Amino acid sequence: MDPYEVEFIGENRIISVIPNFSYDKIYLICGEFGPFRAGLPINVPLWLAMMLKQKQKCRIVPPDWMELDTLENIKEEEKRSRFFTKMPNEHYMVEAKLILGAASEDVPNAAEIKTIIKDIWDIRMSKLRTSMDALMKSGGGYGRLDHLTMMEINSAKPLLPSAMDYLLQIQKKAQQRVQQPSALNTSTFSQSGSSQNT
Amino acid sequence: MENSGYLSISDILVTNEKIPCKFLHDLPKMGFLDPSASEDDLKAGTNVEIPLWLAESLHSRRPPLVAVDLPKIYKDSYREILNADACTVDMHKLSQYFYEFGCYIAKHDIKGEVSNTLINTFRQRFRMLLSASVSTDSVGAIQPLSVSERLQAAAAANTEKALSEWLQRGDSILTTANMVANHRKRKRAEMEMH
């Protein structure tokens, strides 16, 4: 999948905005939103919030996790843990990128938050890489993807599954040929076949 | 590795790799197979490197005309190098189709160690695929990879590129998603329009 497709999926997350206009309810495929009252916070999908923001029709209320202390904790936790920790949000990267890109003035300490989210992302990506390598080296047949967000899973996508697939193909082909009963020397073949499984 | 089809070009290339064979019988008029031979006939006991497709068919006859030996990269000495550190080996120079060819070779290996070597080698070399996908010096990183590894590394590098583009750019022009573009109905509609 293209990152923009993941972004598109992530744009369906609901966030809170404060509109500066009043309007009736609107009816969207993903549900009804409104009525809009100027100055009163209201929940809308992320894409709608972005659109309104770009037209300067609203102010964005940053999500609870988008503040320095929380993110600092998450970052520490992520550094300490060997495994992936739970992110505040399945699409944290998409949300952060869109909100900080279009509405950085609505978020206090936007620059620091941007840096710290990028740090968390980098830590997680390098962790993902090391664990992919460890998975292949240890010869594991499956990997657990607990707490990985969609964007992160997507980044591992053609490589890890295709490598696992390739490995399986080699295993199948090479073993099948070894175990093939042959008129010539069946005894040596069956012996080698058993060593495959160890 | 969908290359086992009869007409698959990559499979043809794989089976065209040379394998050392020992001829077990005198073959009249086949001297041309051995480039160093001066006579017209091929003597029993000659060691010649012939393509795998030829070796397979000669070997499978009853009685077999050739005894198949392992190519040197699958033999003990190289196997030790591969088991120690597979990442130091330049597969592109040594054996471009290491894995695919190895799958064919495995049945001629009486000890059955080749298939394990293949798997271990791929496991170890996965790190190179990872680093090739993020490396800025893509030519240098991709150079020592075998053909199939190169394909995988290139696909991974594409994702990596798309991801970093997404991270850097604010907005992008909307394009048709691959899935939609490949949709049959849409293609048909386009064809009908022309």
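Quick note: structure is the one above.
Residues numbered from 1 in each chain as written. Chains lettered and ligands numbered in written order. Predicted model: local features only at pLDDT ≥ 70, side-chain atom pairs only at ≥ 80, totals over all residues. Heavy atoms only, no water.

Visitor: I'm lost on the side chain of Glu95 of chain A in this one. Help?
Guide: Residues and elements named next belong to chain A. Within the fold, Glu95 resides in helix H4 (residues 92-102). Polar side-chain contacts of Glu95 include one of 3.0 Å to the side chain of Asn89. Apart from residues lying up to four places away in sequence, Glu95 is in contact with Arg13, Ile15, Leu46, Pro63, Trp65, Met66, Asn89 and Leu100. (Helix = DSSP H or I, 4+ residues; strand = E, 2+ residues; numbered from the N terminus. Polar contact = N/O pair within 3.5 Å; in protein donor to acceptor, adjacent residues only side chain to side chain. Contact = heavy atoms within 4.5 Å.)

Visitor: When you look at the interface of chain A and chain B in this model, what are you seeing that I'm missing?
Guide: For interface size, the figure often reported is the accessible area lost on association. Taken together, the contact pairs 39 residues of chain A with 39 residues of chain B. Taken together, the two surfaces of chain A and chain B that pack against each other cover about 4,000 Å², and 66% of this comes from carbon and sulfur. In this assembly, chain A and chain B are joined by one salt bridge. In this assembly, chain A and chain B are joined by six residue pairs in polar contact (both at pLDDT 80 or more). The residue inventory of the side of chain A that touches chain B, partitioned by class, reads 19 nonpolar, eleven polar and nine charged. (Buried area = accessible area lost by both parts, 1.4 Å probe. Salt bridge = Lys/Arg side-chain N within 4 Å of Asp/Glu carboxyl O. Nonpolar A, V, L, I, M, F, W, Y, C, P; charged D, E, K, R; others polar.)

Visitor: Would you explain a nonpolar patch on the surface in this entry?
Guide: Residues and elements named next belong to chain A. There is a patch of nonpolar side chains on the surface, built from Met1, Phe8 and Ile9 and spanning about 310 Å² of accessible area. Along the chain, the position of Phe8 falls in helix H1 (residues 3-10). For Phe8, a relative accessible area of 59% translates into the label exposed. (Patch = residues over 30% accessible without salt bridge, like charges linked within 9 Å, V, L, I, M, F, W, Y side chains within 5 Å. Areas by Shrake-Rupley, 256 points an atom, 1.4 Å probe, with all protein chains shown as cover. Buried < 20%, exposed > 50% of the residue type's maximum accessible area, 1.4 Å probe, protein only.)

Visitor: Where do I start with H4 of chain A in this structure?
Guide: In an α-helix, one full turn covers 3.6 residues, which means residues spaced three or four apart are oriented alike. Among the eleven residues in H4 of chain A, nine count as buried, and that is most of the element. By the burial criterion, the buried members of H4 of chain A are Tyr92, Met93, Val94, Glu95, Ala96, Lys97, Leu98, Ile99 and Leu100 of chain A.

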